[in-house]
Amino acid sequence: MSAVRAARIAAGAAIPGELLLVLCLAAGLRPPGWVTAGAEALVAAVLLLEARVLYALRRRTGSWREAVRTVVPEPVRRLLLHELRACASLGRWAARRPHGVRPGDLAAAYTGPQTAMMYGLLFVSLIETVGLAVLIPWPAVHRVVLVLDVYGVLLVLALHAACVTRPHVVRPDGTLRIRYGALFDLTVPPEAVASARVDRRYPEGRLVTLSDDGVLDLIVGSQTTVTLELNRPLDFRRPLGARARARTVRFHADDPRALVAALRQPAA
């Protein structure tokens, strides 16, 4: 077994255990001293192993970034990055500072179909938090559930904030940036666009759905409103990092006519 694989397995075993211990302490549970000491010793050993492997990879590759990429699986890195960006979007949302929008750009919102659902989910989460606080008679269990509920509420708000502050963008030169929060980001150069049209569809599938014939659907609220035909296939990355290629892109914009008009303007 290689050192990199051993480091990944050790981190995968130690991190959930440490998280469980933190939740127990937050809930007011006091495990025996040997349990706490053993958990901390395990985490310290894992950190030393990770540091040794990272340092060795750093000397071999000459870059800390490459070392981290080698040790930490890409889906894990991307999930953490998505959450960090989403949480940072809460500050941008409060300050009304959209991300990646420069003077002269057209910012095209796409949150219309999902806003009511997001606020509904937030309301349900708050009701659940209050309900469980009343129904659960054990203080320790209630504290653990409260931590999880607060994290869930924060995550819902962060996801919506990321979508609000990261709109689609049309540059003055016709470059189109198609986004969904911090999860999806595709830049389409103007020379790759064969045609753009308003085209409302109600496809089935997940947020990012790619058909066998290269049609990419970026679905918001079970719908798309713009169809983009490409002159050549474009590579893109799925939310967890997998690479794929699309010949046609269908996505949603709250005002699809304005977005399509902005795309056609440079060629006019």
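Our subject is the structure listed above.
Residues numbered from 1 in each chain as written. Predicted model: local features only at pLDDT ≥ 70, side-chain atom pairs only at ≥ 80, totals over all residues. Heavy atoms only, no water.

(A) Local environment of the overall build of the protein. When helices and strands are counted, the protein shows 7 helices and 9 strands. Every one of the 268 residues in the protein was classed for burial, and the buried ones make up 36%. Taking all contacts inside the protein whose residues are at least 6 apart in sequence as the whole, residues at least 24 apart take part in 67%. When the accessible surface of the protein is split by element, carbon and sulfur atoms take 62% of a total near 15600 Å². (Helix = DSSP H or I, 4+ residues; strand = E, 2+ residues; numbered from the N terminus. Buried < 20%, exposed > 50% of the residue type's maximum accessible area, 1.4 Å probe, protein only. Contact = heavy atoms within 4.5 Å. Areas by Shrake-Rupley, 256 points an atom, 1.4 Å probe, with all protein chains shown as cover.)

(B) Fine view of the pattern of salt bridges. Following the criterion strictly, the structure yields 8 salt bridges and no others. Here Arg197 ties to Glu229 by a salt bridge, and the two come within 3.6 Å at their closest N and O atoms. Of this pair, Arg197 sits in strand β5 (residues 193-201) while Glu229 sits in strand β8 (residues 224-237), placing them 32 residues apart in sequence. Using a relative accessible area of 26% as the deciding quantity, one classes Glu229 as partly exposed. Because the salt bridges share partners, they merge into one network encompassing Arg197, Asp199, Arg201 and Glu229. (Salt bridge = Lys/Arg side-chain N within 4 Å of Asp/Glu carboxyl O.)

(C) Structural view of the nonpolar core. Ranked by internal contacts, the top residues of the largest apolar core, which has 34 residues, are Ile178, Phe184, Val188, Leu228, Val249 and Phe251. Only α5 (112-135), α6 (139-165), β3 (176-180), β4 (184-188), β7 (215-218), β8, β9 (243-251) and α7 (256-264) provide two or more residues apiece to this core. Considering every element that reaches this core, the biggest residue donor is β8, with 5 residues. Sequence-distant contacts of Phe184, defined by excluding residues within four places in its chain, comprise Ile178, Arg179, Val208, Leu216, Leu218, Phe236 and Arg237. (Core = buried A, V, L, I, M, F, W, Y, C linked by side-chain atoms within 4.5 Å.)

(D) Layout of a nonpolar patch on the surface. A grouping of Phe123, Val124 and Ile127 is seen on the molecular surface, where their side chains present a nonpolar patch of about 320 Å² in accessible area. Structurally, Val124 is set in helix α5. (Patch = residues over 30% accessible without salt bridge, like charges linked within 9 Å, V, L, I, M, F, W, Y side chains within 5 Å.)

(E) How the structure looks around the pairing of β3. Extensive coverage of β3 is indicated by the burial of 5 of its 5 residues. By the alternation rule, side chains of β3 split into Leu176, Ile178 and Tyr180 and Arg177 and Arg179, which are all buried. Where strand β2 (residues 168-170) meets β3, 2 bridges bridge the pair, whose relative direction is antiparallel. Each bridged residue has a counterpart across the sheet, and for Val170 the counterpart in β3 is Leu176. Counting the residues between successive antiparallel strands, the hairpin from β2 to β3 contains 5 residues, one of them, Gly174, with a positive phi of roughly 95°. The pairing of β3 with β4 spans 5 bridges and is antiparallel. Opposite Tyr180, over in β4, you have Phe184 as the bridge partner. The antiparallel pairing of β3 with β4 creates a hairpin that spans 3 residues between the two strands, and Gly181 there sits at a positive phi of about 55°. (Pairing = 2+ DSSP bridges.)

(F) Fine view of the sheet that holds strand β1 (residues 106-108). Pairing is antiparallel in the open sheet, where 4 strands are placed in the order β1-β2-β3-β4. In this open sheet, the two edge strands, each paired with only one partner strand, are β1 and β4. Each neighbouring strand pair of the sheet contributes to a mean axis angle of 15°, computed without reference to strand direction. (Axes fitted to C-alpha atoms, helices over the stretch in contact; angles between N-to-C directions.)

(G) Geometry of the sheet that holds β5. The sheet built from 5 strands is open, its strands ordered β5-β8-β9-β7-β6 with mixed pairing. The sheet terminates laterally at β5 and β6 (208-210), the two strands that pair on one side only. If you compare each strand with its neighbour and ignore which way they point, the axes differ by 35° on average. Relative to β7, β6 runs antiparallel, the two being bridged by 3 bridges. Directly across from Thr209, in β7, lies its bridge partner Asp217.

(H) Representation of empty space enclosed by the protein in the model. Using the criterion set out here, one finds 1 cavity of 30 Å³ or more in the structure. Its volume calculated, the largest cavity comes out at about 40 Å³. Around the largest cavity sit Met118, Tyr119, Leu122, Val156, Leu157 and His160, which together line it. Of all the elements in the fold, those that place two or more residues in the lining of the largest cavity are α5 and α6. (1 Å grid on protein atoms, 1.4 Å probe; cavity = no way out; pocket = protein on both sides within 12 Å on 5 of 7 lines; lining within 4 Å. Points joined across faces, edges and corners; volume = space filled by probe spheres on them.)

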